[in-house]
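Each chain is listed here by its residues.
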Amino acid sequence: MASDVPEQVFQDTNVYTRRTPGRGNATFCSKNVKAKSQLMYVAKPLIVALETAELLTHCYFCFRTSGESGLPSYSLEQARSLKTCSGCKVVRFCDQKCQRQAWSAYHRLECKLFARLHPRILPTNVRGIVRLLKQQEAGKLAEGEWVRLLALEAHLDQLRKEGGERWEDLMLMAQATKSYSGSEQSLELILRLICILTVNAFTLTSPTLDPLGLALHPSTALLNHSCDPNAFVRFQVLPASQQPGFAEPGGISIHALRDISKNEEITLSYVDNTLPLENRRGELMERYFFRCSCNLCARGSNTTRDNLHQTNSMLSDQNGSNLLASKSLRVGRDAIALLLDIESHPGMEQTRVDDLNSIMADLAGTAVWPLYRYPWPQLRHLLLLGLLSSNRYSEALSQSAILMRAVYPVMHEQQHHPIRMAQLWVLLSICLYCLEAGIQGDGSIGEASSRFRMLGLLHCVLIEFIYRVSHEGARINGAFEDSIDQAYKTIASVSSFWPEYQQKKGTVIKATALWLDNQIHDQLRKEGVSQEIIDLSSRGGATLTPS
Ligand SMILES: C[S@@+](CC[C@H](N)C(=O)[O-])C[C@H]1O[C@@H](n2cnc3c(N)ncnc32)[C@H](O)[C@@H]1O
């Protein structure tokens, strides 16, 4: 029933695809484009699935944490305002409107199955494929998209040959998918679909980049990887040509990270590209079966991502081995083990704050580990999550400021980089929480009120700063940008500090930047970070004005 196929909105006029030696299909720019420009847009991914843990806290249709405004926020548990589906008791919705739309698009095909399994919940990728198979059988997929999906890279032969636990898991998943979906497709085809999902899916994220699940469309899956990518993925964005309005949940939008020339290949980073060379290589080979030959990899392991800070105190023994470096690398290995452990239990960060503080003190103790070197930024990010979920906003403010000013600018060059923008928004939100909670300093009343005033002014400075960066150059037509505009529009009516900021902008920007940097330095010294290491990261700059 072709009429049952949901209407797809698709834009790819800025790109073309062709086969490229050693890289399979690759996608190229068909004209010169400016940074931030939209390169591709697809409204309805073929596969989209919320992570199991996110089913509790996010609307199953629009992926918002509550039905109210859709403002990206760092407030954590908003599940109370979502209504549980009375059929399956597994998924939740903002309201009847979201429920009706999900029901007619896909939930009616899976609700009974979810109910039968409740309280057990199928793993995220199995849910994604079960829904796809049921939609295909119900004639709800465009014929061409199904065929293009099946033609994607699956690395099935490599996986089969490699065997082992991973292969067994894939087989088990395929068997479970076949039996739960009741699909008549062969086990081999279902296995292929699961492998395709593993190789080609994007991590679905909130506007502030919190991971929510996975999304896949055969067109955007043809973008290859580079550790020095020229593009990035965003969700909840509209086509550039469309008026601001409702962005399709899960709609995939690809944007230029920097200016891209005609006929240049468009690349994304499949992994955290701030990892050292060996870690990037390992992850790319293990999951995607290729060895990267991008410009960054060609530079080998002599980059900021790989190096420890060389100081005069780095002593070599008589055999020439560097004791300090090997001791530091040992600390680094322990830190990575802790990171992986905490990452494998998302949502539990608040129970690990002491562990995180302790390992970060060990990294500081090496005196050679830069603040921006893996895994320190990742650990600091988890610490920030832990502090936020424990409502420790004052400490969270310092951690967020460190990431925003001292860490991410070294790791991500562009001010509009999605990670830097998201962290700016987080800092802004924390600033607001601190103001609302009337956070007082622990010193005299005079100090407390001066802190309050600085937070009030900083709030104004940050809103104007993020607004200007989001409006600089090409405009992204997204929910995040709408929220920024909204915050900017209302600041004059909500902040009593706005008139003072407007009167003495230059002085206020300098004073708040200095104040923030003092908070950062005080916190880093408290953590035991040496001045030399702090100085290495002072590239963030003293201004809070767009470049
Ligand atoms: C998401 S797909 C990208 C599209 C793929 N080239 C195709 O033809 O379907 C990911 C796969 O593409 C290949 N690939 C991606 N980036 C690559 C690169 N930089 N060098 C070599 N192969 C790459 C790998 O086989 C990887 O598993």
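Bear in mind the structure is a predicted one, so any value in this text is a computation, not a measurement.

### Some words on helix α13 (residues 418–436)
Counting along an α-helix, one turn takes 3.6 residues, and residues three or four places apart therefore face a common direction.
Right, so step 1: Between its first and last C-alpha atoms α13 spans 27 Å; for 19 residues at 1.5 Å apiece the expected length is 27 Å, and the two agree.
Right, so step 2: With 16 of 19 residues buried, α13 lies mostly within the body of the structure.
Right, so step 3: Within two residues after α13, G438 carries a phi angle of roughly 60°, on the positive side.

### With respect to the sheet that holds strand β11 (residues 231–235)
Right, so step 1: Pairing in this open sheet of four strands is antiparallel, and the strands run β1-β4-β12-β11 from one edge to the other. Taken across any chain shown, the strands that pair with only one partner, and hence form the sheet edges, are β1 (10–11) and β11.
Right, so step 2: Sheet topology note: the β1/strand β4 (residues 38–42) ladder contains two bridges and is antiparallel. When the bridges of β4 are listed, Q11 appears paired with Y41.

### Examining empty space enclosed by the protein
Right, so step 1: A full pass over the atoms with the stated rule returns three cavities of 30 Å³ or more.
Right, so step 2: Together, 14 residues line the largest cavity, and R234, H416, M421, I476 and E481 are the ones closest to its centre.
Right, so step 3: Those elements giving two or more residues to the lining of the largest cavity turn out to be β11, α13, α14 (445–471) and α15 (479–494).
Right, so step 4: Element by element, the count of residues in the lining of the largest cavity is highest for α13, at three residues.
Right, so step 5: Residue composition of the lining of the largest cavity, by class: nine nonpolar, two polar and three charged.
Right, so step 6: When residues of the lining of the largest cavity are sorted by domain, at least three fall in each of domain 1 (2–268) and domain 2 (387–540).

### Re the pattern of salt bridges
Right, so step 1: Evaluated as defined, the whole model comprises 20 salt bridges.
Right, so step 2: Its salt-bridge partner being K34, residue D259 comes within 3.5 Å of it at the nearest N-O pair. Of this pair, D259 sits in the loop between β12 (252–256) and β13 (267–268) while K34 sits in the loop between β3 (24–29) and β4, and the two are 225 residues apart along the sequence.
Right, so step 3: Accessibility expressed as a relative area gives 55% for K34, which makes it exposed.
Right, so step 4: With its nearest N and O atoms 2.9 Å apart, the salt bridge here joins E395 to R392.
Right, so step 5: You can call E395 partly exposed: its relative accessible area is 37%.
Right, so step 6: A relative accessible area of 32% places R392 in the partly exposed class.
Right, so step 7: Through salt bridges that share partners, D341, R352 and D355 make up one connected network.

### A short note on the site of the ligand
Right, so step 1: R23, N25, H155, N224 and Y288 are the nearest of the 16 residues found near the ligand.
Right, so step 2: Surface burial for the ligand is 93%, taken as the share of its 560 Å² of free accessible area covered by protein chains.
Right, so step 3: Elements with a minimum of two residues in the shell around the ligand: β3, α6 (187–200) and β10 (224–225).
Right, so step 4: Classifying every residue of the shell around the ligand gives seven nonpolar, seven polar and two charged.

### Comments concerning the packing of aromatic side chains
Given two aromatic rings, their pairing is described by the distance between the two centres and the angle made by the two planes.
Right, so step 1: Scanning the entire structure with this criterion turns up 11 aromatic pairs.
Right, so step 2: Each residue in the set Y467, Y488, W498 and Y501 is aromatic and connected to the rest through ring pairs, giving one cluster.
Right, so step 3: The lysine or arginine in question, R18, covers the ring of F28, its NZ or CZ lying 4.2 Å from the ring centre.

### Concerning the sheet that holds strand β8 (residues 202–205)
Right, so step 1: Here we have three strands laid out as an open sheet, ordered β5-β9-β8, and antiparallel in their pairing. Edge positions in the sheet fall to β5 (47–50) and β8, since each of these pairs with one other strand and no more. Taking the axes of each pair of neighbouring strands and ignoring which way they run, one obtains an average angle of 30° across the sheet.
Right, so step 2: As paired elements, β8 and strand β9 (residues 211–216) share four bridges and run antiparallel to each other. Each bridged residue has a counterpart across the sheet, and for L204 the counterpart in β9 is G213.

### Here's the deal with the nonpolar core
Right, so step 1: Membership of the largest hydrophobic core comes to 78 residues, with the highest contact counts inside it found for L379 and I430.
Right, so step 2: Ignoring any residue separated from it by four or fewer positions in sequence, one finds I430 in contact with L384, L388, Y393, A396, L397 and S400.
Right, so step 3: Listed in part, the 44 residues of the second largest apolar core include C85, F114, L122 and I260.

### Some thoughts on the packing of helix α3 (residues 143–150) against α6
Right, so step 1: Axis separation between α3 and α6 bottoms out at 10 Å; the angle between their running directions is 80°. When the axis of α3 is compared with that of α6, the two are roughly perpendicular. Side by side, α3 and α6 meet where W146, L149 and L150 of the first sit next to L189, R192, L193 and I196 of the second.
Right, so step 2: Its residues placed into classes, the contact of α3 with α6 shows six nonpolar, no polar and one charged.

### Observations regarding the pairing of β5
Right, so step 1: Residues of β5 alternate between two faces, with I47 and A49 on one and V48 and L50 on the opposite face, all of them buried.
Right, so step 2: Looking at chain direction, β5 and β9 are connected through four bridges and run antiparallel. Directly across from L50, in β9, lies its bridge partner G213.

### Some words on the packing of helix α2 (residues 124–137) against helix α5 (residues 164–181)
Right, so step 1: At a minimum axis distance of 10 Å, the contact between α2 and α5 shows a crossing angle of 45°. Taken together, the axis directions place α2 and α5 in an arrangement best described as oblique. The two elements α2 and α5 cross, and the hand of that crossing is right-handed. Together, N125, V126, I129, V130, L133 and K134 of α2 and M173, T177 and S181 of α5 make up the contact between the two elements.
Right, so step 2: Split by residue class, the contact of α2 with α5 holds five nonpolar, three polar and one charged.

### With respect to the domain arrangement of the chain
Right, so step 1: Per the domain assignment, the segments of the chain are domain 1 (2–268) and domain 2 (387–540).
Right, so step 2: Facing the 25 residues of domain 1 at the interface are 24 residues of domain 2.
Right, so step 3: Taking both sides of the interface into account, the surface hidden between domain 1 and domain 2 amounts to around 2,100 Å²; carbon and sulfur atoms contribute 65%.
Right, so step 4: Counting across the interface, domain 1 meets domain 2 through one salt bridge.
Right, so step 5: The partner of E481 in a salt bridge is R234, and the shortest N-O contact between them spans 2.9 Å.
Right, so step 6: Of the residues belonging to the side of domain 1 that touches domain 2, the class tally is 14 nonpolar, eight polar and three charged.

### Description of the environment of L379
Right, so step 1: The topology assignment puts L379 in helix α11 (residues 376–389).
Right, so step 2: Along the sequence, L379 and P207 sit 172 residues apart, while their C-alpha atoms lie 21 Å from each other.
Right, so step 3: In this view, L379 contacts A335, L338, L339, L356, I359, M360 and L363; residues no more than four positions away in its chain are not counted.

How each quantity is defined
Residues numbered from 1 in each chain as written. Predicted model: local features only at pLDDT ≥ 70, side-chain atom pairs only at ≥ 80, totals over all residues. Heavy atoms only, no water. Helix = DSSP H or I, 4+ residues; strand = E, 2+ residues; numbered from the N terminus. Expected span 1.5 Å × (residues − 1). Buried < 20%, exposed > 50% of the residue type's maximum accessible area, 1.4 Å probe, protein only. Pairing = 2+ DSSP bridges. 1 Å grid on protein atoms, 1.4 Å probe; cavity = no way out; pocket = protein on both sides within 12 Å on 5 of 7 lines; lining within 4 Å. Points joined across faces, edges and corners; volume = space filled by probe spheres on them. Nonpolar A, V, L, I, M, F, W, Y, C, P; charged D, E, K, R; others polar. Domains from an automatic or database assignment. Salt bridge = Lys/Arg side-chain N within 4 Å of Asp/Glu carboxyl O. Near = heavy atom within 4 Å. Areas by Shrake-Rupley, 256 points an atom, 1.4 Å probe, with all protein chains shown as cover. Phe/Tyr/Trp six-rings, centres within 6.5 Å; stacked < 30°, edge-to-face > 60°. Lys NZ or Arg CZ within 6 Å of the ring centre and 35° of its normal. Axes fitted to C-alpha atoms, helices over the stretch in contact; angles between N-to-C directions. Core = buried A, V, L, I, M, F, W, Y, C linked by side-chain atoms within 4.5 Å. Contact = heavy atoms within 4.5 Å. Parallel < 35°, antiparallel > 145°, perpendicular 65-115°, else oblique. Left-handed = near helix turned anticlockwise from the far one by under 90°. Buried area = accessible area lost by both parts, 1.4 Å probe.

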